[in-house]
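Chain and residue survey
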Amino acid sequence: MMLTRLKAKSERKVAKQICKVVLDHFEKEYSRELGDAWHTVRDILTSPSCWQYAVLLNRFNHPFELEKDLHLKGYHSLFQGSLPYYPKSMKCYLSRTPHRMPSERHQIGNLKKYYLLNAASLLPVLALELRDGEKVLDLCAGPGGKSIALLQCAYPGYLHCNEYDSLRLRWLRQTLESFIPQPLVNVIEVSELDGREMGDAQPETFDKVLVDAPCSNDRSWLFSSDSQNAACRISQRRNLPLLQIELLRSAIKALRPGGLLVYSTCTLSKAENQDVINEVLNSYSNIMPVDIKEMARTCSQDFTFAPTGQECGLLVIPDKGKAWGPMYVAKLKKSWTT
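Residues numbered from 1 in each chain as written. Predicted model: local features only at pLDDT ≥ 70, side-chain atom pairs only at ≥ 80, totals over all residues. Heavy atoms only, no water.

What helix 13 (residues 274-283) keeps buried is the set Gln274, Val276, Ile277 and Val280. Summarising the axial view, the buried residues of helix 13 lie within an arc of 165°, below the 170-degree limit, and thus occupy one face. Among the structural elements, helix 12 (240-254), strand 9 (255-265), strand 10 (287-289) and strand 13 (327-334) are those in contact with the buried residues of helix 13. (Buried < 20%, exposed > 50% of the residue type's maximum accessible area, 1.4 Å probe, protein only. Helix = DSSP H or I, 4+ residues; strand = E, 2+ residues; numbered from the N terminus. Arc of directions from axis to C-beta. Contact = heavy atoms within 4.5 Å.)

What follows deals with the packing of aromatic side chains. In total, this model carries ten aromatic pairs according to the counting rule given. For the ring pair Phe26 and Tyr30, a centre distance of 5.0 Å and an interplane angle of 35° mean the geometry is tilted. With Phe26 and Tyr30 both in helix 2 (residues 20-34) and four residues apart, the pair spans about one turn of that helix. When sorted by exposure, Phe26 lands in the same class as Tyr30, which is buried. A network of ring pairs unites the aromatic residues Phe79, Tyr86, Phe303 and Phe305 as a single cluster. Stacked on the ring of Tyr155, the Lys or Arg Arg59 has its end atom at 4.2 Å from the ring centre. For the cation-ring pair, Arg100 lies above Tyr53, with the distance from its terminal atom to the ring centre recorded as 4.4 Å. (Phe/Tyr/Trp six-rings, centres within 6.5 Å; stacked < 30°, edge-to-face > 60°. Lys NZ or Arg CZ within 6 Å of the ring centre and 35° of its normal.)

This next bit is on the UniProt feature "active site" (unreviewed entry) in the protein. Mapped onto this numbering, the UniProt entry gives "active site" (unreviewed entry) at Cys266. Inspection of the secondary structure assignment puts Cys266 in the loop between strand 9 and helix 13. Its relative accessible area of 24% is what places Cys266 among the partly exposed residues. Contact partners of Cys266, with chain neighbours within four places excluded, come to Cys215, Ser216, Asn217, Asp218, Pro326 and Met327. (UniProt positions renumbered as here; feature names shortened; annotations may be inferred.)

Here the focus is the environment of Arg238. The topology assignment puts Arg238 in the loop between helix 11 (227-236) and helix 12. Relative accessible area serves as the criterion here: at 66%, Arg238 is assigned to the exposed category. There is a polar contact of 3.0 Å between the side chain of Arg238 and the backbone oxygen of Ser235. (Polar contact = N/O pair within 3.5 Å; in protein donor to acceptor, adjacent residues only side chain to side chain.)

Right, dumping it as structure tokens:
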């Protein structure tokens, strides 16, 4: 009887956590944009017990014992297919079940051995094709997961991590301190600039730019505890594409001719994904789409993709046994002619 009461209480607690205002809003928009696929996506997004966590190993404190243990527990290496770009130094493991490793505690002077993340968030990092010695900008870098992943791929000549939000900036600094050894810290600059000003501050400086833009983060918005606050977020949501376009304009200014830019979000929203990229492509004669369909073909055993109508854009949607995403990734190149 006691167990039944506890179970009922626990179920009520989970039910309370889902914000109906946000779910109703998403229901209307995403059932239209995704069609039947939305039903599965909704089931997974509203059931945290189905969520999966990938384990990204830190090459600067390589945990050989942990790696053996992950194999024994049935984890497999991400991207077993042959991606066009996949550095051997990046090691990420996934389980087909929603098993979650415990997070490591931050200890000053001790580097962490692994980082837990949504595996789909590695796609924008890999799309950037980072090489040793390149100058890289992570324009909206907090809380730092993608910066850490970039450093698993190559040794940049200069990595500029920018974050305008003060709380996320604090996370970013702590994440870098937890994963990156001192010598490498010397090539990293952390700043707190409004990303829309970066292009004017550092014009044509970077070989590669990542814009992991502020967006309607579908997973976290669904669990907004304050419905009044959630309603406010939804009403302000229509302003996000304008901010995202302004961030991209700034990133394009900061990118050298011949350089690559990757734009990513963790929302399913077409207005914040395909529409933003189409607006940018229509506004610039020197910005070209880069075909990344091959990435989707190679990764199809680990991720489910929804059609985007773009050769330069991919959309990962959560699916049964592949509960990764949402993650939109688009890849652009700045040509030499203006």
